[in-house]
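# Architecture and fold: a report
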Number of protein chains: 2
Amino acid sequence: MQKKPPVRMEDVARIAGVSSITVSRVLNQPGKVAEETRERVLNAIEAVGYVPNSVAGSLASRRTSVIAALVPTITNSIFADTIHGLTDVLTPAGYQLLLGATGYSLEREAQLITALLAQRPAGLLVTGLAHAERARTLMKSAGIPVVETWNVQGEAVDMAVGFSNYRACYDMVVRLAGNGHRCIGFVCAPTEANDRARERLRGYRSAIRDLGLPERAELVREAKFSFHAGAESVNRMRAEVPDLDAVFCANDILAIGALFECQRRGVDVPGDLSIAGFDDVELASQVNPGLTTVRIPRYEIGREAARMLMQRVDGRPVSPGILDLGFEIVERQSTVRPG
Amino acid sequence: MQKKPPVRMEDVARIAGVSSITVSRVLNQPGKVAEETRERVLNAIEAVGYVPNSVAGSLASRRTSVIAALVPTITNSIFADTIHGLTDVLTPAGYQLLLGATGYSLEREAQLITALLAQRPAGLLVTGLAHAERARTLMKSAGIPVVETWNVQGEAVDMAVGFSNYRACYDMVVRLAGNGHRCIGFVCAPTEANDRARERLRGYRSAIRDLGLPERAELVREAKFSFHAGAESVNRMRAEVPDLDAVFCANDILAIGALFECQRRGVDVPGDLSIAGFDDVELASQVNPGLTTVRIPRYEIGREAARMLMQRVDGRPVSPGILDLGFEIVERQSTVRPG
DNA sequence: CCCCGGCCTGAAAGCGCTAACATTCAAAAA
DNA sequence: TTTTTGAATGTTAGCGCTTTCAGGCCGGGG
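Bear in mind the structure is a predicted one, so any value in this text is a computation, not a measurement.

A few words now on the nonpolar core. Residues Phe-248 of chain A together with Phe-248 of chain B are the most contacted members of the largest nonpolar core, which totals 162 residues. Beyond its immediate sequence surroundings of up to four residues, Phe-248 of chain A is in contact with Cys-169, Met-172, Val-173, Leu-176, Ile-184, Gly-185, Phe-186, Val-187, Ala-276, Gly-277 and Phe-278 of chain A. By size, the runner-up hydrophobic cluster in this structure holds 40 residues, among which are Val-66 and Leu-124 of chain A together with Val-51 and Ala-118 of chain B.

Okay, structure coming up:
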């Protein structure tokens, strides 16, 4: 297998009997080339199997067809949904996705932003509003549209799409209290380098305070993202807080882990304990009892973010720069008023 | 907000009092620059906030630090795990990930391959061994290492990493039969444009035939990837096949959908019906009863694929070109010998 | 009949880097 | 001392495209 010299635009041009600029036009602005010429060029492209070199194209035109996106992890299905929304808009628009995973570390996020900006993407999507100072500086001076996602509470570098994690949690606690729950625990996701998790905790705390409900320290636990951590958290909390009547988990995986654990231990949900989650993943509606949770616009975040980026790339202004897509509390059987 | 002219390497060079090639060397081969000079250059870079333009760098050096990957969908956690394995190797090696989703369409796959190859990635990862003829041609003539994943049965364009979907299903059926099951149904994933699904079906069929078990058409159903489809399939199959004693689903989501449906309907699993899945997603070990399934090296596929690509990018040959990472049948409580 | 303007095509000049070769200079070898 | 050597830096020439500006050709208006 020997390395063949790559086919360049000039080769195509020679075969078609035109200059390379005409080949370029056939590819980028076909309307500006006479039909006969265009066909001749397309045939030549086909004949030699020419694949345009967009690295050279990008250098010459000073723009790329790449959008860079950073998520904490692709393994969490909620971000996968957002990426799905992104690509659904980007691909038809002729844009490619350059993806990075920060692993919930602001330091790695900053490093990745540097690396990604070197590729001169046409736009950048990041998760959350909390970033290293260096990262903010880079994003501000990059000269490309930037959209921050999954949070709208705070100061955006450029644009933002998401919902209020604070209000969602606040509202859920109010709902639980309205259903008669008095002693409501909260299982929080790790808050370091995660403004969404912090907002959710803050929403829980505010609601508890506003409602005059007990604020004991044992009612809040931090847990990693896994079924197992949910199970363990609910066990500990039940042991430490005998009169616990509801557990609100910061995500559905924790909540479902807790739910399964209760079932294993013979704890009746919602009879003995109510459980609520956050995200409304597909599984939430499938478990028994169905999980009460907060439905959030995961897919739409990606789609709208992409739309905003495309709009700005095309030179059109975007308003509002901060887009709140809202949320919805979905009440299922896992939370009903106790006794 | 006015557009500032971007900082170029030459600007940095002027400030540091060197030529731009020295700046280039500080960035790419720091060992070749005297420490004093290097520091002066790094200070200048810092001072002006220079971000290298790797588009220009790639054009000049004729190589990029981008690896392109195509998966059917990022929404399915099994592919997310593979991508995770990929990035875990790529990022430390200084490579970026350009990601595309084909939506299980060979036509879209071919289109995306064209678009991605225009970006001149250093390597390409695709899912499965089945591709449009045009796609195969493109991959073969691209002059970059290509790795096909998730299947090792068939002819690879270049390299492949995965496991035998055929043998995994064959073995599971043998195991079920060994446990006393006689009437084993199979819920297949859509086979169009999906060689893995086809292999799984083929494995089931071969095993049934080899074991002399009933081969009725009602024992095989095709179902989309969702809990709901699993539920519906098990309902239909139970209605059409009264003596059904086991259902083997081509993925865990279908299996768990089926399991939940049985629970809703009061069908005892495994007392009345055994259920087995495929993939061993985290949920499989959490449901009650635990789901018998096939554990497959999802993460490792990504990691090994990346390793092979990196090795070839570095000019070192890779052997074996086809890497079978195997599988493992995990027996839990959802399948025990009936009666 | 000539000029103007619209349509199509082309020539020249980079885009911002790096490869390849050239040069410099001081220390080691002869 | 002279030559050799090698480390450090610089010069030149593109990488494969697109931008910008020109030019040729045609038909309609003056």
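Once turned by 180° and shifted 0.0 Å along the axis, chain A lies on chain B with an RMSD of 0.1 Å. The transformation relating the two chain copies, once decomposed into turn and shift, fits a two-fold axis. Measuring from the rotation axis to each C-alpha of chain A, the shortest distance belongs to Leu-98 of chain A, at 2.2 Å. Comparing interface residues between copies, 100% of those in chain A also lie at the interface in chain B; the contact surface is shared.

In this section: the interface of chain A and chain B. Contact residues are listed per partner, giving 42 residues for chain A and 42 residues for chain B. Along the contact surface separating chain A from chain B lie zero salt bridges. Taken together, the connections running from chain A to chain B amount to 14 residue pairs in polar contact (both at pLDDT 80 or more). For the side of chain A that touches chain B, the secondary structure elements donating two or more residues are α4 (54-61), α5 (77-90), β2 (96-101), α6 (106-118), α10 (227-240) and α11 (252-264) of chain A. Among the elements that take part in the side of chain A that touches chain B, α6 of chain A stands out by supplying seven residues, more than any other. Partitioned by chemical class, the residues of the side of chain A that touches chain B number 22 nonpolar, 15 polar and five charged. Where β2 of chain A and strand β2 (residues 96-101) of chain B come together, three bridges link them in antiparallel fashion. Note on β2 of chain B: the bridge partner recorded for Leu-98 of chain A is Leu-98 of chain B.

Another point: the side chain of Thr-37 of chain A. Residues and elements named next belong to chain A. Inspection of the secondary structure puts Thr-37 in helix α3 (residues 35-48). Its relative accessible area of 17% is what places Thr-37 among the buried residues. Setting aside its immediate chain neighbours within four residues, Thr-37 contacts Val-18 and Thr-22.

All right, on to the environment of Gly-326 of chain A then. You can see Gly-326 of chain A is positioned in the loop between β11 (322-324) and β12 (328-330). Separated by 164 residues in sequence, Gly-326 of chain A and Gly-162 of chain A have C-alpha atoms that sit 7.3 Å apart.

Taken together, 23 residues lie around DNA strand D, and Ile-21, Ser-24, Asn-28 and Tyr-50 of chain A together with Thr-37 of chain B are the ones closest in. Ser-24 of chain A is positioned with one of its side-chain polar atoms (N or O) 2.2 Å from a phosphate oxygen of DNA strand D. In this structure, Ser-19 of chain B approaches DNA strand D through a main-chain N or O atom, which is 2.9 Å from a phosphate oxygen. When contributions to the surface near DNA strand D are tallied by element, the ones reaching two or more residues are α2 (20-28) and α4 of chain A together with α2 (20-28) and α4 (54-61) of chain B. Ranked by residue count, the leading element in the surface near DNA strand D is α4 of chain A, at four residues. Of the residues assigned to the surface near DNA strand D, the class counts are 11 nonpolar, eight polar and four charged.

This part takes up helix α12 (residues 298-313) of chain A. All names here are of chain A. The terminal C-alpha atoms of α12, which comprises 16 residues, lie 23 Å apart, in line with the 22 Å expected from a rise of 1.5 Å per residue. All buried positions along α12 are accounted for by Arg-298, Ile-301, Gly-302, Glu-304, Ala-305, Ala-306, Met-308, Leu-309, Met-310 and Gln-311. Gly-315 sits one or two positions beyond α12 and adopts a positive phi of about 85°.

When the parts of a complex come together, some accessible area is lost, and that lost area is often taken as the interface size. When the domains of chain A are assigned, the result is domain 1 (9-52), domain 2 (61-163 + 298-326) and domain 3 (165-295). Domain 1 of chain A and domain 3 of chain A are separated by 61 Å when their C-alpha centres are compared.

Rules and cut-offs
Residues numbered from 1 in each chain as written. Chains lettered and ligands numbered in written order. Predicted model: local features only at pLDDT ≥ 70, side-chain atom pairs only at ≥ 80, totals over all residues. Heavy atoms only, no water. Core = buried A, V, L, I, M, F, W, Y, C linked by side-chain atoms within 4.5 Å. Buried < 20%, exposed > 50% of the residue type's maximum accessible area, 1.4 Å probe, protein only. Contact = heavy atoms within 4.5 Å. Least-squares fit on C-alpha atoms with pLDDT ≥ 70 in both. Salt bridge = Lys/Arg side-chain N within 4 Å of Asp/Glu carboxyl O. Polar contact = N/O pair within 3.5 Å; in protein donor to acceptor, adjacent residues only side chain to side chain. Helix = DSSP H or I, 4+ residues; strand = E, 2+ residues; numbered from the N terminus. Nonpolar A, V, L, I, M, F, W, Y, C, P; charged D, E, K, R; others polar. Pairing = 2+ DSSP bridges. Near = heavy atom within 4 Å. Expected span 1.5 Å × (residues − 1). Domains from an automatic or database assignment.

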